[in-house]
Amino acid sequence: MGRFKMSKLNKDYLSCTFLIMLLCWGTCVLCSINGLSLNENKLLYVPYLLGGWSPTIASYLSLKKHNRVTGIKDWLKNIFDIKHPIVSYSMVVILSVLFILPQCVISGYESGAPFFAILFMIPMMLLGGGLEEAGWRWILQAELEKIHSFTVSTLIVSVIWWLWHLPLFYIQGVSQYGENYFAFGLTVLGLSFALAGLRRMTKGVWLCVLFHCSINALSGIYIIHDNIMGNAAAAILLILCSYAFLKFKSAE
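In short, a report on the structure. (Residues numbered from 1 in each chain as written. Predicted model: local features only at pLDDT ≥ 70, side-chain atom pairs only at ≥ 80, totals over all residues. Heavy atoms only, no water.)

### Topic: a nonpolar patch on the surface
Taken together, the side chains of Val93, Val97, Leu101, Val105, Ile106, Ile228 and Met229 make up a nonpolar region of the molecular surface, amounting to roughly 650 Å² of accessible area. Broken down by secondary-structure element, the contributors of at least two residues to the nonpolar patch are helix 5 (86–107) and helix 11 (228–251). Among the elements that line the nonpolar patch, the one with the most residues is helix 5, at five residues. Within the secondary structure layout, isoleucine 228 lies in helix 11. (Patch = residues over 30% accessible without salt bridge, like charges linked within 9 Å, V, L, I, M, F, W, Y side chains within 5 Å. Areas by Shrake-Rupley, 256 points an atom, 1.4 Å probe, with all protein chains shown as cover. Salt bridge = Lys/Arg side-chain N within 4 Å of Asp/Glu carboxyl O. Helix = DSSP H or I, 4+ residues; strand = E, 2+ residues; numbered from the N terminus.)

### Some details on the packing of aromatic side chains
A full pass over the atoms with the stated rule returns 15 aromatic pairs. Taking 5.3 Å as the distance between ring centres and 75° as the angle between the ring planes, the aromatic pair formed by tyrosine 109 and tyrosine 222 counts as edge-to-face. With tyrosine 109 in strand 1 (residues 109–111) and tyrosine 222 in strand 2 (residues 222–224), this residue pair connects regions lying 113 residues apart in the sequence. Among the residues examined, tyrosine 109 registers a relative accessible area of 40% and is labelled partly exposed. On the numbers, 5.9 Å between centres and 75° between planes, the contact of phenylalanine 150 with tyrosine 243 is edge-to-face. Separated by 93 residues along the polypeptide, phenylalanine 150 in helix 8 (residues 150–165) and tyrosine 243 in helix 11 bring together distant segments of the chain. A relative accessible area of 9% means that phenylalanine 150 is categorised as buried. For tyrosine 243, a relative accessible area of 33% gives the class partly exposed. Linked through ring pairs, Trp162, Phe169, Tyr181, Phe182 and Phe184 together constitute an aromatic cluster. The ring of tryptophan 161 has arginine 137 lying over it, and the distance from NZ or CZ to the ring centre is 4.4 Å. (Phe/Tyr/Trp six-rings, centres within 6.5 Å; stacked < 30°, edge-to-face > 60°. Buried < 20%, exposed > 50% of the residue type's maximum accessible area, 1.4 Å probe, protein only. Lys NZ or Arg CZ within 6 Å of the ring centre and 35° of its normal.)

### A closer look at the environment of glutamate 143
Along the chain, glutamate 143 falls in helix 7 (residues 133–145). Classification of glutamate 143 as buried rests on a relative accessible area of 7%. In this structure, the C-alpha to C-alpha distance between glutamate 143 and methionine 6, residues 137 residues apart in sequence, is 7.7 Å. With sequence-adjacent residues up to four places away left out, glutamate 143 is seen in contact with Ser7, Leu9, Asn10 and Arg68. (Contact = heavy atoms within 4.5 Å.)

### Details of the packing of helix 1 (residues 8–33) against helix 8
Interhelical geometry of helix 1 versus helix 8 gives an angle of 20° and a closest axis separation of 10 Å. Classed by the angle they form, the pair helix 1 and helix 8 counts as roughly parallel. In this structure, helix 1 uses Leu14, Thr17, Phe18, Met21 and Trp25 to contact helix 8, whose residues at the interface are Ile160, Trp164 and His165. The residue makeup of the contact of helix 1 with helix 8, split by class, is six nonpolar, two polar and no charged. (Axes fitted to C-alpha atoms, helices over the stretch in contact; angles between N-to-C directions. Parallel < 35°, antiparallel > 145°, perpendicular 65-115°, else oblique. Nonpolar A, V, L, I, M, F, W, Y, C, P; charged D, E, K, R; others polar.)

### Details of helix 3 (residues 54–65)
Across its 12 residues, helix 3 extends 16 Å between first and last C-alpha, which sits within 8% of the 16 Å expected from 1.5 Å per residue. Looking only at helix 3, the buried set comprises Ser54, Pro55, Thr56, Ala58, Ser59, Tyr60, Ser62 and Leu63. Phi turns positive, to about 60°, at asparagine 67, one or two residues after helix 3. (Expected span 1.5 Å × (residues − 1).)

### Examining helix 5
Between its terminal C-alpha atoms helix 5 stretches 32 Å, which fits the 32 Å expected from 22 residues at 1.5 Å a residue. Listing the buried residues of helix 5 in full gives Ser88, Met91, Val92, Leu95, Ser96, Phe99, Ile100, Pro102, Gln103, Cys104 and Ser107. Positioned one or two residues after helix 5, glycine 108 has a phi angle of 85°, which is positive.

Note that all results are geometric; they support no functional claim without further evidence.
Right under this line is the structure:
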């Protein structure tokens, strides 16, 4: 890997992201340790949601500080760059299937929301994870790739993204509570490669946002049983697919 380097923008972005996350989710963890869950005190949803929005908040603040955007309008314009060919949107569909199908087959699942609800859930997931991509892929991944290779950059992002999620596994009342953190890490690894591949191919983050919304919505429709083999299978397929997309792009 060589000497690890990180740009000033990435340092500022990560400092801001983790500061907000630790303050907000740290509050939730402390309450959970003392037997108070989100289900028992709805006020805890305030720090819980703010912690989840930390990558998005930090994205705007750090990009504005470094003069990469002129304001909110410019920031949103870069995120919602929806003009892409059909083939690019088809990649989101393929990756979504590769994410959910092996987990359903290998791990098994329970039905959650009806499938047609995905039409409503995907837009809702803009605030339920999708806009994280304004930070992880727009800033962190892109800046790392200026210094390191695609593979090394993606591995670094996957570890950081995985660590960022850690407090959720200790907050009573959230879906990650009590789940296998290491199995989740495999999922994060696969998704990191898929999202990095989308960003590299489309040179933007909109389809990363859409894919993130899609997988979060699908996770509410298919409630996957906890099984590390399903996570591993999905991760392998996503990684292979991301490299296949990049090879196809380079051959154009």
